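The chain contents come next:
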Amino acid sequence: MRVWTLLVLVPLLAGLAACGQTGDGLAGENETLVIFSSRHYDSDYALYEAFEEETGVNVRTIEADGDLLVERLKTDGVNSPADVIITVDAGRLWRAEQEGLFAPVNSAILDAAVPSSLRHPDGLWYGLASRARIIVYAEQRVAAEDISGYETLADPAFKGRVCARSSGNIYNISLLGALIDRWGEDKALQWAAGVAGNFARAPLGGDTDQIRAVIAGECDMALVNHYYVSRLMKEEPEALEGIAMFWPESAPGVHLNVSGIGVAKNAPNPELAKRFIEFAMQEKAQRFFAELTGEYPVTDAAYDNPALPSLANRAIDPIALGKLGENQARAQQIFDKAGWP
Ligand code: FE2
């Protein structure tokens, strides 16, 4: 039995704690793995199905926004049914880690598969899929050589021409956390104020909306996660004509973030949870992220997706992802001070 549940309301969250978890009764097939996830992507459903097929285990998912998931895990405490926790961003992983929601995993397989910059030093969480925060721009209105990096978004030459989503969004908070780490707070504030001063319009919608605003000519460049571009390239290639991606490689380098995964502190099935995470790092599983969602594998898995340009020769910010979490509160304060709504 598989139950996909999308949670949107808190009362519903409480009610689901009592849901049954029985399998189909076939020998060896009555184990159930409960995954709490903030991701709602086809790649993940393919991953769950592949794990079920290979192991005979039933995967039951409970999906909700990151903050709701954390609240649910805290409220349920030792009675939590969650075996595995998946969040969309290192900033959220850090929050769950601070709340003590993860159990450490000791796995030579995971240590070998996932680079140390993309996992917690004590195995509390691991990157699952990686994403780059990049700049998209309209080739007709911006010359590639006029963009040098994230700093270009704050360049007065682009006054009234830049789009980005709101500062409360975790992707922006994580990016600014990385810039604080490399540039220091003063320069990070200057940058955020410069970007806010260049806005073509007040922040509105998600990353895809920013890309569409560039397409529509409302702005000339936007700050977005790369996979939203990859996704549009696959679904509406004609819409992206004249739109290009710029990889901000100047210091600190391209900001890479991860969706991450860990074993829940009170997991009823911690060994099964570990087995699932190891499964998720296998080449076949990592390809789902690259091919179905347009994210980068966290391992060296090869993939086939022409809409996903290789990162192999890019300058990537080598920051340890835990730092993004540590700088979260400071980043939000700086955004507020900078007038980036
Ligand atoms: Fe996203």
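Please refer to the structure higher up on the page.
Every value quoted in this text rests on a predicted model; they were computed, and no experiment measured them.

1. Topic: the overall build of the protein
Regarding its fold elements, the protein presents 13 helices and 11 strands. Taken over C-alpha atoms, the radius of gyration comes to 20 Å for the protein, in line with the 20 Å a tight globule of 341 residues would show. Taken along its principal axes, the extent of the C-alpha atoms in the protein is 65 × 40 × 40 Å. The proportion of buried residues among the 341 residues of the protein is 57%. Summing over all exposed atoms, the protein offers an accessible surface of approximately 13,800 Å²; the carbon and sulfur share of this is 51%. Positive and negative side-chain charges of the protein, numbering 29 and 47 respectively, have mean locations separated by a distance of 4 Å.

2. Things to note about the nonpolar core
It is characteristic of soluble globular proteins that their nonpolar side chains tend to be buried jointly. Counting 60 residues, the largest nonpolar core has Val-136, Leu-176, Trp-191, Met-221 and Trp-340 as its most contacted members. Ranked by the residues each element gives to this core, the list is headed by helix α6 (residues 170-183), at 8 residues. Residue assignment places this core across two domains, with domain 1 (32-130 + 257-297) and domain 2 (131-255 + 314-338) each supplying three or more. Sequence-distant contacts of Trp-191, that is, excluding residues within four places in its chain, are made with Tyr-150, Glu-151, Leu-153, Ala-154, Leu-175, Leu-176, Leu-179, Trp-183 and Trp-340.

3. A closer look at the state of the cysteines
Disulfides are covalent bonds that link the sulfur atoms of two cysteine residues. All chains considered together, the criterion is met by 1 disulfide. Each sulfur of the disulfide joining Cys-163 and Cys-219 lies 2.2 Å from the other. The chirality of the disulfide connecting Cys-163 with Cys-219 is left-handed, given an S-S dihedral of about -105°. Residue Cys-163 is found in strand β7 (residues 162-163), and its partner Cys-219 is found in the loop between α8 (207-215) and β8 (221-225); the two are separated by 56 residues along the sequence.

4. A word on the coordination of the iron ion
Protein-derived coordination of the iron ion comes from Tyr-171 (OH), Tyr-227 (OH) and Tyr-228 (OH), at a distance range of 1.9 to 2.1 Å. Read from N- to C-terminus, the donor residues coordinating the iron ion fall into the pattern Y-x55-Y-Y. Remark: Tyr-227 occurs in helix α9 (residues 226-235) and Tyr-171 occurs in helix α6; sequence separation between them is 56 residues. Tyr-227 matches Tyr-171 in its accessibility class, with the two residues each being buried.

5. A word on the pairing of strand β2 (residues 32-37)
Across the 6 residues that make up β2, a large majority, 6, are buried. Side chains of β2 alternate between two faces, with Thr-32, Val-34 and Phe-36 and Leu-33, Ile-35 and Ser-37 buried alike. Note that β2 and strand β3 (residues 58-63) share 6 bridges and pair parallel. Across the sheet, Phe-36 pairs through a bridge with Ile-62, a residue of β3. Since β2 and β3 lie parallel, the crossover through helix α2 (residues 42-55) that links them has a hand, and here it is right-handed. Sheet topology note: the β2/strand β4 (residues 84-87) ladder contains 3 bridges and is parallel. Bridge pairing links Ser-37 to Ile-86 in β4.

6. Focus: the packing of aromatic side chains
Summed over the entire model, instances satisfying the criterion amount to 11 aromatic pairs. A centroid spacing of 6.3 Å and a plane angle of 65° characterise the contact between Tyr-45 and Tyr-48, whose relative ring orientation is edge-to-face. With a gap of 3 residues between them, Tyr-45 and Tyr-48 both fall in helix α2, about one helical turn apart. A relative accessible area of 1% means that Tyr-48 is categorised as buried.

7. Considerations on the pattern of salt bridges
With the rule as written, the count across this model stands at 20 salt bridges. Residues Arg-165 and Asp-207 are paired through a salt bridge, measuring 3.2 Å at the closest nitrogen-oxygen approach. Note that Arg-165 is positioned in the loop between β7 and α6 and Asp-207 in helix α8, a separation of 42 residues in sequence. No difference in accessibility class separates Arg-165 from Asp-207, as the two residues are buried. Ionic pairing is found between Glu-291 and Arg-287, a salt bridge with its closest N-O pair at 2.8 Å. Of the two residues, Glu-291 and Arg-287 both sit in helix α11 (residues 283-293), 4 residues apart, roughly one turn of that helix. Connected through salt bridges with shared partners, the residues Asp-67, Glu-71, Lys-74, Arg-92, Arg-95 and Glu-99 form a single ionic network.

8. Remarks on the side chain of Asp-220
With respect to the secondary-structure elements, Asp-220 resides in the loop between α8 and β8. The class of Asp-220 is buried, set by a relative accessible area of 9%. Within the local environment of Asp-220, its side chain forms a polar contact with the side chain of Arg-141, the two groups lying 2.5 Å apart. Once residues lying within four places of it in the same chain are set aside, the contact partners of Asp-220 are Val-136, Tyr-137, Ala-138, Arg-141, Val-142, Arg-161 and Val-214.

How each quantity is defined
Residues numbered from 1 in each chain as written. Predicted model: local features only at pLDDT ≥ 70, side-chain atom pairs only at ≥ 80, totals over all residues. Heavy atoms only, no water. Helix = DSSP H or I, 4+ residues; strand = E, 2+ residues; numbered from the N terminus. Rg over C-alpha atoms; globule rule 2.2 N^0.38 Å. Buried < 20%, exposed > 50% of the residue type's maximum accessible area, 1.4 Å probe, protein only. Areas by Shrake-Rupley, 256 points an atom, 1.4 Å probe, with all protein chains shown as cover. Lys, Arg positive; Asp, Glu negative; His and termini not counted. Charge placed at Lys NZ, Arg CZ, Asp CG, Glu CD. Core = buried A, V, L, I, M, F, W, Y, C linked by side-chain atoms within 4.5 Å. Domains from an automatic or database assignment. Contact = heavy atoms within 4.5 Å. Disulfide = S-S within 2.5 Å. Donors = N, O, S within 2.8 Å, 3.2 Å for Na, K, Ca; no water. Pairing = 2+ DSSP bridges. Right-handed = clockwise from strand over helix to strand, strands pointing away. Phe/Tyr/Trp six-rings, centres within 6.5 Å; stacked < 30°, edge-to-face > 60°. Salt bridge = Lys/Arg side-chain N within 4 Å of Asp/Glu carboxyl O. Polar contact = N/O pair within 3.5 Å; in protein donor to acceptor, adjacent residues only side chain to side chain.

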